[in-house]
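In case you want the letters, here they are:
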Amino acid sequence: MAKEQYSFLDHLEAEKIGDLKEERIKVNRSAKVVKGGRRFSFAALTVVGNQDGVVGYGFGKAKEIPSAMQKAFKDGRKHLIRVPRVGSTVPHETEGTFCASRVRIIPAAPGTGIIAGGTVRAVLELAGVKDVLTKAYGSTNPVNLVKATIDGLSRLRTTQQLEALRGVKL
C-alpha cells in the first residue's frame, strides 16, 4: 500500500488556518469567432489568504464569470504559502521575479502602511503584512505581478529559520 501524501493545504487545515478571504484581481474576457457570432469565455485571477501569514493565488477559466471565480478560488487553495513576519512587516528586503516582472519588497517602520500598487497590495494585505514598501519593475501585467510577489514572499526567512538551515548562531 502506498504512503499517504499530504499536501501543504492538509497541513494547514490541521493547524486551523481559519477563514480564507478572496480578492478578485482581474477578469479577462476572450472571444472566439464562430459562424453564428462571438463566443465569450472568461479567465479570473484571484488572491486567497487568511490575513495571518498564509496567502496564495488562483487562476480559473470558464464560460461564465462566477464559474471562473470559483475555479480560481479552488486553485488558490492549492497554491498557499506561509509568509514569515516580524511584527507587522517582513523580516528583510527581498525581490521576486516572474517573466518580465520584478517586485522589490522592503520592510518599513510600524505605522507606514502598505505602499504598493493595487495588485501587489492585494497580495500583501491577504498575507497579513501591514507595514511594507514595494516597487514593481518591468511588466505590470497583473498575473506576472501576483506571481512575482508570491515568489518574493516565498524567499523570506526569519533569523531562526536561517540558524536552523545553516546550523550556526547568527
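Described below are features of the structure shown in this document. (Residues numbered from 1 in each chain as written. Predicted model: local features only at pLDDT ≥ 70, side-chain atom pairs only at ≥ 80, totals over all residues. Heavy atoms only, no water.)

Some words on the overall build of the chain
A tally of regular secondary structure across the chain gives 5 helices and 8 strands. With the C-alpha coordinates aligned to their principal axes, the bounding extent of the chain is approximately 70 × 50 × 25 Å. Buried positions account for 39% of the 170 residues belonging to the chain. Of the roughly 10,300 Å² that the chain leaves accessible, carbon and sulfur atoms contribute 51%. The centroid of the 28 positive side-chain charges in the chain is displaced by 10 Å from the centroid of its 16 negative side-chain charges. (Helix = DSSP H or I, 4+ residues; strand = E, 2+ residues; numbered from the N terminus. Buried < 20%, exposed > 50% of the residue type's maximum accessible area, 1.4 Å probe, protein only. Areas by Shrake-Rupley, 256 points an atom, 1.4 Å probe, with all protein chains shown as cover. Lys, Arg positive; Asp, Glu negative; His and termini not counted. Charge placed at Lys NZ, Arg CZ, Asp CG, Glu CD.)

Structural notes on the packing of aromatic side chains
Per the counting criterion, the structure on display carries 0 aromatic pairs. Here the basic side chain of R102 rests over the ring of Y137, its NZ or CZ set 4.6 Å away from the ring centre. Seen from the ring of Y137, K135 lies directly overhead, with NZ or CZ sitting 5.9 Å from the centre. (Phe/Tyr/Trp six-rings, centres within 6.5 Å; stacked < 30°, edge-to-face > 60°. Lys NZ or Arg CZ within 6 Å of the ring centre and 35° of its normal.)

Remarks on the pattern of salt bridges
Evaluated as defined, the whole model comprises 6 salt bridges. Between E95 and R102 there is a salt bridge; the shortest N-O distance is 3.6 Å. As a salt-bridge pair, R104 and E95 come within 2.9 Å of each other at their nearest N and O atoms. When its relative accessible area of 22% is taken as the criterion, E95 is described as partly exposed. A single network of salt bridges, built from pairs that share partners, joins E93, E95, R102 and R104. (Salt bridge = Lys/Arg side-chain N within 4 Å of Asp/Glu carboxyl O.)

Section: the nonpolar core
Counting 24 residues, the largest nonpolar core has V55, V83, V123, V132, V146, I150 and L153 as the members making the most contacts within it. If you list the elements that add at least two residues to this core, you get β2 (37-49), β3 (54-62), β6 (101-107), α3 (118-127) and α4 (142-154). Not counting residues within four places of it along the chain, the set of residues in contact with V123 comprises V47, V55, V146, T149, I150 and L153. Counting 5 residues, the second largest nonpolar core, distinct from the first, contains A44, A62, M69 and A72. (Core = buried A, V, L, I, M, F, W, Y, C linked by side-chain atoms within 4.5 Å. Contact = heavy atoms within 4.5 Å.)

Brief notes about the pairing of strand β8 (residues 132-138)
Side-chain positions along a regular strand alternate between the two faces of the sheet. Inspection of the sheet shows β6 paired to β8 by 7 bridges, in the antiparallel sense. When the bridges of β8 are listed, V103 appears paired with A136. For strand β7 (residues 114-115) and β8, the ladder comprises 2 bridges, and the chain directions are parallel. The partner of I115 across the bridge, within β8, is L133. Running through α3, the crossover from β7 to the neighbouring parallel element β8 is left-handed. (Pairing = 2+ DSSP bridges. Right-handed = clockwise from strand over helix to strand, strands pointing away.)

Re the sheet that holds β8
Taken in spatial order, the 4 strands of this open sheet run β5-β6-β8-β7, and their pairing is mixed. A single partner strand is all that each edge strand has here, and the edge strands are β5 (94-98) and β7. Docked against the sheet, α4 engages β5, β6 and β8, running at close to 140° with respect to β5. (Axes fitted to C-alpha atoms, helices over the stretch in contact; angles between N-to-C directions.)

Section: the sheet that holds β3
With antiparallel pairing, the 4 strands of this open sheet are ordered in space as β1-β2-β3-β4. The sheet is open, and its two edges are formed by β1 (21-34) and β4 (81-82), each paired on a single side. Strand direction decides the pairing type here: β2 and β3, joined by 8 bridges, are antiparallel. Residue pairing across strands places V48 opposite G56, the latter belonging to β3. Here α4 sits on the sheet and contacts β1, β2, β3 and β4; the angle it forms with β3, its principal contact strand, is near 155°.

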